[in-house]
Amino acid sequence: MGDFSPKFIPKFHQRKFMTAQELGKELANMYFTAKDGERVAMIHLFGIRFSKQILSNKISANEIIKYAKSPDGSIVNKSYFAEINKGVKLAKYVEEKID
């Protein structure tokens, strides 16, 4: 899995079009590689980081979660759709800090 620390922003996050499958894979990477106690924060960050793709492609958080699976088959809890939506809403008010 990739490095999804705040210092690393994948270049493809700038792409306008991403499928629900691609977004689900990125959510899984961010969620399952998060440090202990930071998983929910990573879900919020996912919503912030990918808000443009989510909104412009009209992809629901539930659709993204459906594809968010780890290599061992673990899944992101469906109840986290609300946390993705919070991140998407926050995106117009905050910027991701890189340092």
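Residues numbered from 1 in each chain as written. Predicted model: local features only at pLDDT ≥ 70, side-chain atom pairs only at ≥ 80, totals over all residues. Heavy atoms only, no water.

A. Main features of the nonpolar core. One finds Leu 23, Leu 27, Phe 46, Phe 50, Ile 54, Ile 64 and Ile 84 to be the most contacted residues of the largest nonpolar core, which totals 23 residues. Elements with a minimum of two residues in this core: α1 (20-32), α2 (39-49), α4 (61-66) and α5 (81-90). Top element by residues in this core is α1. It accounts for seven residues. Not counting chain neighbours up to four residues away, the residues in contact with Ile 84 comprise Leu 27, Ile 43, Phe 46, Gly 47, Ile 54, Ala 61 and Ile 65. (Core = buried A, V, L, I, M, F, W, Y, C linked by side-chain atoms within 4.5 Å. Buried < 20%, exposed > 50% of the residue type's maximum accessible area, 1.4 Å probe, protein only. Helix = DSSP H or I, 4+ residues; strand = E, 2+ residues; numbered from the N terminus. Contact = heavy atoms within 4.5 Å.)

B. The confidence of the model for the protein, seen in detail. Taken over all residues, the pLDDT of the protein has a mean of 88, while the share at 70 or more is 84%. For the protein, helix α3 (residues 51-56) is the element with the lowest average pLDDT, namely 94, and α5 is the one with the highest, namely 98. (pLDDT = per-residue confidence, 0-100.)

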